[in-house]
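Read off the chains here:
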Number of protein chains: 2
Amino acid sequence: MRLAAPAQTGAAACSGSVSKERSCHQTTGGLQMFETYDFLSLARSAALGVAAVVLVAAPALCQTDPLPSWNGTAPKAAIVGFVEKVSKAGSPDFVPEPERIAVFDNDGTLWVEHPMYIQLAFALDRVKTLAPAHPEWKDVQPFKAVLEGDMKTLAASGEKGLLELIMVTHAGMTNDDFQKVVTDWLSTARDPRFKRPYTELVYQPMVELLAYLRANGFKTFIVSGGGVEFMRPWAEKIYGVPPEQVVGSSIKTEFKMQDDTPTLHRLPEVNFIDDKAGKPVAINQQIGRRPIAAFGNSDGDLEMLQWTTMAGAPARLGMLVHHTDAEREYAYDRKTEFGRLDKALDAAAITGWTVIDMKADWKQIFHVHME
Amino acid sequence: MRLAAPAQTGAAACSGSVSKERSCHQTTGGLQMFETYDFLSLARSAALGVAAVVLVAAPALCQTDPLPSWNGTAPKAAIVGFVEKVSKAGSPDFVPEPERIAVFDNDGTLWVEHPMYIQLAFALDRVKTLAPAHPEWKDVQPFKAVLEGDMKTLAASGEKGLLELIMVTHAGMTNDDFQKVVTDWLSTARDPRFKRPYTELVYQPMVELLAYLRANGFKTFIVSGGGVEFMRPWAEKIYGVPPEQVVGSSIKTEFKMQDDTPTLHRLPEVNFIDDKAGKPVAINQQIGRRPIAAFGNSDGDLEMLQWTTMAGAPARLGMLVHHTDAEREYAYDRKTEFGRLDKALDAAAITGWTVIDMKADWKQIFHVHME
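The sections below set out a description of the structure shown in this document. Values in this document were obtained by computation on a predicted structure and should not be read as measured data.

**Observations concerning helix α15 (residues 343-351) of chain A**
Residues and elements named next belong to chain A.
1) Next: Taken residue by residue, α15 has A344, L345, A347 and A348 as its buried positions. Looking straight down α15, one finds that the buried residues subtend no more than 160° of arc, so they occupy a single side. Exposed and oriented more than 90 degrees from the buried face of α15 are K343, A349 and I350.
2) Next: Contacts made by the buried residues of α15 are with α14 (302-309), β6 (317-324) and β8 (354-357).
3) Next: In the stretch just after α15, G352 is the one whose phi turns positive, near 90°.

**With respect to the interface of chain B and chain A**
1) Next: On the chain A side, the residues contacting the 37 residues of chain B number 37 residues.
2) Next: A combined buried area of about 3000 Å² lies between chain B and chain A, and 50% of that area is made up of carbon and sulfur atoms.
3) Next: In terms of surface lost to chain A, no three residues of chain B exceed E244(B), F255(B) and Q285(B), which account for 20% of the buried area on that side.
4) Next: Connecting chain B to chain A are six salt bridges.
5) Next: Between E244(A) and R289(B) there is a salt bridge whose closest N-O contact spans 3.2 Å.

**Topic: the relation of the copies chain B and chain A**
1) Next: Note on the identical chains: chain B maps onto chain A by a rotation of 180° and an axial translation of 0.0 Å, with an RMSD of 0.0 Å. Such a turn and shift between the copies fits a two-fold axis. Taking the C-alpha atom as reference, chain B places Q286(B) closest to the rotation axis, 3.1 Å from it.
2) Next: The share of interface residues of chain B whose copies in chain A are also at the interface is 100%, consistent with both copies meeting through the same surface.

**Here's the deal with the environment of L186(B)**
All names here are of chain B.
1) Next: Tracing the backbone shows L186 in helix α10 (residues 175-188).
2) Next: Remark: the alpha-carbon pair of L186 and W234, spanning 48 residues in sequence, is separated by 9.1 Å.
3) Next: Not counting chain neighbours up to four residues away, the residues in contact with L186 comprise P197, Y198, T199 and W234.

**Focus: the pairing of strand β4 (residues 261-272) of chain B**
Residues and elements named next belong to chain B.
1) Next: Pairing of strand β3 (residues 246-258) with β4 involves eight bridges; the strand directions are antiparallel. Within the sheet, the bridge partner assigned to I251 lies in β4 and is V270.
2) Next: Here β3 hands over to β4 after two residues, with D259 in that stretch at a positive phi of 50°.

**Re the pairing of strand β1 (residues 101-104) of chain B**
As a general feature of sheets, a regular strand has side chains that alternate between the two faces.
Residues and elements named next belong to chain B.
1) Next: Neither face of β1 is left uncovered, since the one carrying I101 and V103 and the one carrying A102 and F104 both have all their residues buried.
2) Next: Where β1 lies against strand β5 (residues 293-296), three bridges are found, and the strand directions are parallel. Note on β5: the bridge partner recorded for F104 is F295.

**Some details on the packing of helix α6 (residues 118-130) of chain B against helix α9 (residues 158-170) of chain B**
Residues and elements named next belong to chain B.
1) Next: Two elements in contact, α6 and α9, have axes separated by 9 Å at closest approach and are oriented at 65°. Every pair of crossing elements has a handedness; the one defined by α6 and α9 is left-handed. Of the residues in α9, those in contact with Q119, L120, F122, A123, L124, R126, V127 and L130 of α6 are L162, L165, I166, V168, T169 and H170.

**A look at a nonpolar patch on the surface**
1) Next: Where nonpolar side chains cluster on the molecular surface, the patch consists of L163(A), V270(A) and I273(A) and spans about 220 Å² of accessible area.
2) Next: Turning to its location among the elements, L163(A) is positioned in helix α9 (residues 158-170).

**What to know about the side chain of N216(B)**
Residues and elements named next belong to chain B.
1) Next: Its place among the elements puts N216 in the loop between α11 (204-215) and β2 (219-227).
2) Next: The exposure class of N216 is buried, given its relative accessible area of 11%.
3) Next: Only 2.9 Å separates the side chain of N216 from the backbone oxygen of Y212, close enough to count as a polar contact.

**Section: the packing of α6(B) against α10(B)**
Residues and elements named next belong to chain B.
1) Next: It is at 11 Å that the axes of α6 and α10 come closest, and there the two elements cross at 100°. The angle between α6 and α10 falls in the class roughly perpendicular. In this structure, α6 uses I118, A121, F122, D125 and R126 to contact α10, whose residues at the interface are F178, V181, V182 and W185.

About the criteria used
- Residues numbered from 1 in each chain as written.
- Chains lettered and ligands numbered in written order.
- Predicted model: local features only at pLDDT ≥ 70, side-chain atom pairs only at ≥ 80, totals over all residues.
- Heavy atoms only, no water.
- Buried < 20%, exposed > 50% of the residue type's maximum accessible area, 1.4 Å probe, protein only.
- Helix = DSSP H or I, 4+ residues; strand = E, 2+ residues; numbered from the N terminus.
- Arc of directions from axis to C-beta.
- Contact = heavy atoms within 4.5 Å.
- Buried area = accessible area lost by both parts, 1.4 Å probe.
- Salt bridge = Lys/Arg side-chain N within 4 Å of Asp/Glu carboxyl O.
- Least-squares fit on C-alpha atoms with pLDDT ≥ 70 in both.
- Pairing = 2+ DSSP bridges.
- Axes fitted to C-alpha atoms, helices over the stretch in contact; angles between N-to-C directions.
- Left-handed = near helix turned anticlockwise from the far one by under 90°.
- Patch = residues over 30% accessible without salt bridge, like charges linked within 9 Å, V, L, I, M, F, W, Y side chains within 5 Å.
- Areas by Shrake-Rupley, 256 points an atom, 1.4 Å probe, with all protein chains shown as cover.
- Polar contact = N/O pair within 3.5 Å; in protein donor to acceptor, adjacent residues only side chain to side chain.
- Parallel < 35°, antiparallel > 145°, perpendicular 65-115°, else oblique.

Laid out in structure tokens, this is it:
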């Protein structure tokens, strides 16, 4: 692994001289990204002789390309064109700041979802961790399959089996305890192919996009089929998206006073599945405004993109990340188990959504280069 | 009715000379209040010879008392003391800005809830509006009682009757249509006692408190037993609380493509009741962070205040509005049907929550003086 080349991250694209033609989109909101992601690049830039004082004193002036990890192809032009027309006062497509809501799917849109959803890897690991206290699992499916690494039998257990795994591994504790379990797991778990913590397997172009939108007055939300409490412990640090802007699937919780201490207990019962037609419902329930931009990568995002873009108003942006890069990441669409992109890909052509070809449109996939 | 005296609103408390001792809490966030509420006062201030340019050029300098409608009694001191200690860098009670979450009940805490919840008045009016298309209602309870103004029979129909009314008046249409119905109703409906639009019957001291908290880096949320879609159409304009920061009760909705148009239909089925032990559950579900300040007025807020203040950390603020002013508003607590304050009043004494005595602690109740 080597660090990203300076030209591929926002701060590092800075030079000493700033021409008047260069537009600047970087404001306080966008600096979030620097804090999380670009400290390595900043260090490198400093080593290359870019005066640190310039970066500190005039971050806005030195930000020339807010999307340096995107190639200059159609998707980048679509993003920049959209953002400029909705944020320019006087433009016929101008949208007031409070209404600039952008929603992002997570698995496969912001971070890796192959060889399996990261939350599923968490559940499987968790079964193994809890197994010593459950000797009966050796003989009961789907736990037996998990413990024996028999993915075929596990897959055959279907949705029912998966739900059983989720309930055993995600419920039966307080919410605070669950968040600690997630945080601890993420600090040690490693992706089997890239051998990196999962939180490093987020897509650098999308992190830049989140920051770019925020710098232009957008409020960015995650709207994911994944568990809301699985995402909240790290989404703010990694994506700059605070807990109150994370929407996801959930199990029921119960409030109890326990020895004079108020607690929220996680119950083994599904509350809401934030996928497919559930996404617009959750967007309305939690955000209460119709987004003007939506980003997804699978059929699970179809209805979210429909809800966002088919509102009659012209200035709407719908984009799909198409996984086309087997070398740097993965290539899959209509036939995969995780993140199937089939109906939504057909709909994109009809509805005018922009399809991002990862291989052609992204200069860089992850924050760090994998070798 | 006459306008509020200048000294009773934030902007109007401004004078040309600013002493160094005066602290300033007003920032961009707080200006929200000016846009919504204080244009009348601003106009009056201008008439009184306060140069408009001072207000525009240095709004921060001219803001001396952010809570002018509060008397200098204990609750005001508790609020200011709390805000100062959590927002002062280096203070042992310092709380980083993103964690400064404040939650507010609505009915009886931010606006009037007597002689009945405003949303109930809406439902009753709605039954009358819809009645011509439902001739059968003349003979069926609880509709018969509503149409005959027989509140005693209506009350006797209990929760079941009430729920029936809510389903008939709140479901069976798209979400957009419902919001329009609410907005239209609020523009013409008048409170029976004060003869004013309901949106004018919000408590001026609480509106100042919302703005003061936001000016000090707080994110303010409404967490109400009322319907979330009943509040969202006006909460931003009236309280400065955007739709995504309104948490409330809800009915289920369904996403459907209808003639190539994506729609959200409101179904006659309860989704969530955001009251009592439901409030901490909803706070966790939608906000995902534990608040550090909570404001309520009834037993429905007990668990929300417990969840907020009994977290082990010292810097937490819990407050209850006690309706003690029959002359300017209403006086009720342990025995009322709407907004009963009984268990929570007992808990306040034990837990150390501050009880606001409306009569003694509020210089002014509403934005306008009622005569």
